[in-house]
Amino acid sequence: LSALARRHLSRRQAIIIQYLERCMADIERVGDHIDSIADITERQHPSPHHFDRPTLELLTGMYDRAAATLKLVIESLDDECRDFPGMAEKILRARDEYAEYSLKAKDAFLERIAQHEIPPMTGMYFGEYVADIDRLVKHTKRIALAERAPYFWLKRYKFDRESPEEPDLAPPPETDPHDFLGRLHDGDYA
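The notes below deal with the structure included here. Just so it is clear, the structure is predicted and the values come from calculations on it, not from any experiment. (Residues numbered from 1 in each chain as written. Predicted model: local features only at pLDDT ≥ 70, side-chain atom pairs only at ≥ 80, totals over all residues. Heavy atoms only, no water.)

**Focus on the side chain of Asp132**
Item 1. Here Asp132 is to be found in helix 5 (residues 120-148).
Item 2. Residue classification places Asp132 among the buried residues on the basis of a relative accessible area of 5%.
Item 3. One polar contact links Asp132 to Ser36, side chain to side chain, over a distance of 2.5 Å. (Helix = DSSP H or I, 4+ residues; strand = E, 2+ residues; numbered from the N terminus. Buried < 20%, exposed > 50% of the residue type's maximum accessible area, 1.4 Å probe, protein only. Polar contact = N/O pair within 3.5 Å; in protein donor to acceptor, adjacent residues only side chain to side chain.)

Set out below in structure tokens:
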């Protein structure tokens, strides 16, 4: 993206670079949450606080819905995808289904904790899993919202065309931080 951004781009191309950069950051965050889930599993494994069947079913339900949402994101980013807005709507529907299930699963689990059916340490592990899966799915929503934007589409016939390098632009003058902070403090930041 950095190499592309150094080229003379059309208005739409300059905007799509911003969307792509944000999507790449969200994809990276998804990977971070997957790593975190693996770390939780590694820490939880030797623990005597294993999950019982109902708890595993709740987590599996969340996992299945999150995986379905991620699968749609992967499909939407395939270079053969021609309907970004349509795929974005599918991702958002899958995300909504996940969110609804997640709320019900968390409520059911908290009720079991409140009834002392599950040890608090098991609840901590469950909470860590849920937090990471929820965050992971949040990033799929952000990707879908970018894909739904009017400028998020590619003109495939332009793929082989090379644009000229961007002419050198003079950077804006440096801002005096003392002046800026003083104006901010005085409320004169227009």
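That was the structure; now back to the text.
**Details of the nonpolar core**
Item 1. In this structure, Phe51, Leu59, Tyr98, Phe126 and Tyr129 are the most contacted members of the largest nonpolar core, which totals 20 residues.
Item 2. Elements represented by at least two residues in this core include exactly helix 2 (11-44), helix 3 (53-76), helix 4 (84-114) and helix 5.
Item 3. The element best represented in this core is helix 5, accounting for seven residues.
Item 4. Here Phe126 is in contact with Phe51, Thr55, Leu58, Leu59, Ala105 and Phe109, once residues within four sequence places are set aside.
Item 5. If you look at the next biggest cluster of nonpolar residues, it comprises 17 residues, including Ile16, Cys81, Ile143 and Ala149. (Core = buried A, V, L, I, M, F, W, Y, C linked by side-chain atoms within 4.5 Å. Contact = heavy atoms within 4.5 Å.)

**A few points about the packing of helix 2 against helix 5**
Item 1. One way to put it is that helix 2 packs onto helix 5 with a least axis distance of 9 Å and a crossing angle of 165°. Of the possible angle classes, the one that applies to helix 2 and helix 5 is roughly antiparallel. Considering how the two elements wind past one another, helix 2 and helix 5 form a crossing that is left-handed. (Axes fitted to C-alpha atoms, helices over the stretch in contact; angles between N-to-C directions. Parallel < 35°, antiparallel > 145°, perpendicular 65-115°, else oblique. Left-handed = near helix turned anticlockwise from the far one by under 90°.)

**Digging into the environment of Trp153**
Item 1. Within the element layout of this structure, Trp153 appears in the loop between helix 5 and helix 6 (177-186).
Item 2. The spatial distance from the C-alpha of Trp153 to the C-alpha of Ala25 is 18 Å, given a sequence separation of 128 residues.
Item 3. In this view, Trp153 contacts Arg12, Ile16 and Phe84; residues no more than four positions away in its chain are not counted.

**Structural notes on the pattern of salt bridges**
Item 1. For the coordinates displayed, the defined rule picks out 14 salt bridges.
Item 2. The residue Arg43 makes a salt bridge to Glu128 at a minimum N-O spacing of 2.4 Å. Of this pair, Arg43 sits in helix 2 while Glu128 sits in helix 5, and the two are 85 residues apart along the sequence.
Item 3. Classification of Arg43 as partly exposed rests on a relative accessible area of 44%. (Salt bridge = Lys/Arg side-chain N within 4 Å of Asp/Glu carboxyl O.)

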